[in-house]
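Structure at a glance
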Amino acid sequence: MDFITVTPENLEQEHICCAISNNKDCQVASKKAWMAERFADGLVFRKADARGKCFIEYLPAERAWAPIEAPGYLHIDCFWVSGQLKGHGYADELLDSCIEDARAQGKAGLTVLSSAKKQPFLSDPAYLRKRGFRTADTAAPGYELLYLPLADAADAAELPRFKSHVKEPRTDDAGFALYYSPQCPFTAKYVPLVADVAAARGVPFKTILLETAEQAQNAPAPFTAYSLFHDGVLLTHEILSPKKFEKLLDERGL
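Residues numbered from 1 in each chain as written. Predicted model: local features only at pLDDT ≥ 70, side-chain atom pairs only at ≥ 80, totals over all residues. Heavy atoms only, no water.

**Some details on the overall build of the protein**
For the protein, the helix and strand inventory stands at 6 helices and 13 strands. Structurally, the protein occupies a C-alpha span of about 55 × 40 × 35 Å along its principal axes. Residues counted as buried form 54% of the 254 residues belonging to the protein. Contacts spanning at least 24 positions in sequence make up 66% of the contacts within the protein whose residues lie at least 6 apart. A total accessible area of about 11,500 Å² is found for the protein, and carbon and sulfur atoms account for 49% of it. On the protein, the mean spot of the 29 positive side-chain charges and the mean spot of the 34 negative ones are 5 Å from each other. (Helix = DSSP H or I, 4+ residues; strand = E, 2+ residues; numbered from the N terminus. Buried < 20%, exposed > 50% of the residue type's maximum accessible area, 1.4 Å probe, protein only. Contact = heavy atoms within 4.5 Å. Areas by Shrake-Rupley, 256 points an atom, 1.4 Å probe, with all protein chains shown as cover. Lys, Arg positive; Asp, Glu negative; His and termini not counted. Charge placed at Lys NZ, Arg CZ, Asp CG, Glu CD.)

Below is the structure:
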């Protein structure tokens, strides 16, 4: 399998793996616009030369859209190999390329958001631990900031950590509050659909779009692509379909 690094020059023609290929689709357009603005920050998006979910996306932790403190590290935003592309060693190849890049840049290591147990939209902790990642910090309700130290450079580096305000995620918002960003293409489609469900039921619901790295770094929860709160309590980071959101409302009698 060959791999392609997406750049400003080939962004328009390349498929970005986790949304449909039509550039006019709102999901594709939103994600590609986000990527185009991040290349100057050091964003790397490397993918298999095939249609499917097989890619790794990372950038310097100082510019990551995540409420973490990890100076000198590269932060993996998203790392996904699934479907017929699983089981061929492609995950190892992608991660190895990221490690090589980190070494070439003199980075202290890698960080990635994961969890105590496998959860949707988070990198698989079992695989990462097998590859040598360790727990740097934790945040409720089960998030883990994993890191892979690189020899020598990591010895002098501070241990990565979550920003203190997301250790126990909460907000002051009444009703439903959805914090999200264009980092995940699925938000462009599903956030408006869920908001329509709330409006149809007369349920208080507001959306807060994170539009800059600084806003994301000060977001109220570790997963900045999508975090749904109700009366200040974090409910889920899973990007909900209308049916799943309706079920959630039913369970709360709303």
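**Overview of the sheet that holds strand 8 (residues 143-149)**
Read from one edge to the other, the open sheet built from 7 strands follows the order 1-2-3-5-6-8-7, with strand pairing classed as mixed. The open sheet has two edge strands, strand 1 (3-6) and strand 7 (134-139), and neither has a second partner. Here the average twist between neighbouring strands, direction ignored, is 25°. When strand 3 (residues 54-60) meets strand 5 (residues 73-81), the two strands line up antiparallel, connected through 7 bridges. Across the sheet, residue Leu59 finds its bridge partner in strand 5, namely His75. Where helix 2 (residues 90-104) meets the sheet, its contacts fall on strand 1, strand 2 (44-48), strand 3, strand 5, strand 6 (109-115) and strand 8, and the angle it forms with strand 5 comes to roughly 165°. (Pairing = 2+ DSSP bridges. Axes fitted to C-alpha atoms, helices over the stretch in contact; angles between N-to-C directions.)

**Re helix 6 (residues 242-251)**
Here helix 6 has its buried residues at Phe245, Leu248 and Leu249. Taken down its axis, helix 6 places every buried residue within 100° of arc, on the same side. What points out from helix 6, more than 90 degrees from its buried face, is the exposed set Lys243, Lys247 and Glu251. (Arc of directions from axis to C-beta.)

**Structural notes on the pattern of salt bridges**
Across all of its chains, the model carries 15 salt bridges by this definition. Two residues, Glu37 and Arg38, come together in a salt bridge whose shortest N-O distance is 3.8 Å. Accessibility expressed as a relative area gives 9% for Arg38, which makes it buried. Between Asp92 and Arg131 there is a salt bridge, with the nearest N and O atoms lying 3.0 Å from each other. Taken as a pair, Asp92 in helix 2 and Arg131 in the loop between helix 3 (125-130) and strand 7 lie far apart in primary sequence, 39 residues in all. Under the relative-accessibility criterion, Arg131 is labelled partly exposed at 24%. If you follow the salt bridges from partner to partner, you end up with Glu37, Arg38, Asp41, Arg63 and Glu214 in one network. (Salt bridge = Lys/Arg side-chain N within 4 Å of Asp/Glu carboxyl O.)

**Digging into the packing of helix 4 (residues 186-201) against helix 6**
The geometry of helix 4 relative to helix 6 is characterised by a closest axis approach of 9 Å and an angle of 40° between their N-to-C directions. The handedness of the crossing between helix 4 and helix 6 is right-handed. Of helix 6, the residues touching helix 4 (which contributes Tyr190, Leu193, Val194, Val197, Ala198 and Arg201) are Pro242, Phe245, Glu246, Leu249 and Asp250. (Left-handed = near helix turned anticlockwise from the far one by under 90°.)

**Quick look at the packing of aromatic side chains**
Throughout the structure, instances matching the rule amount to 9 aromatic pairs. Relative to Phe229, the ring of Tyr179 lies with its centre 5.8 Å away and its plane at 75°, an arrangement referred to as edge-to-face. Of this pair, Tyr179 sits in strand 10 (residues 176-180) while Phe229 sits in strand 12 (residues 226-230), and the two are 50 residues apart along the sequence. The pair Tyr179 / Phe229 is uniform in exposure class, with both members buried. The interplanar angle of 75° and the centroid separation of 5.7 Å between the aromatic rings of Phe205 and Phe245 together place this pair among those described as edge-to-face. In this pair, Phe205 sits in strand 11 (residues 205-209) while Phe245 sits in helix 6, placing the two residues 40 residues apart along the sequence. The pair formed by Phe205 and Phe245 is uniform in burial state, with each residue classed as buried. One aromatic cluster is present, built from ring pairs that chain together Phe45, Phe55 and Trp80. Here the basic side chain of Lys53 rests over the ring of Trp80, its NZ or CZ set 5.5 Å away from the ring centre. (Phe/Tyr/Trp six-rings, centres within 6.5 Å; stacked < 30°, edge-to-face > 60°. Lys NZ or Arg CZ within 6 Å of the ring centre and 35° of its normal.)

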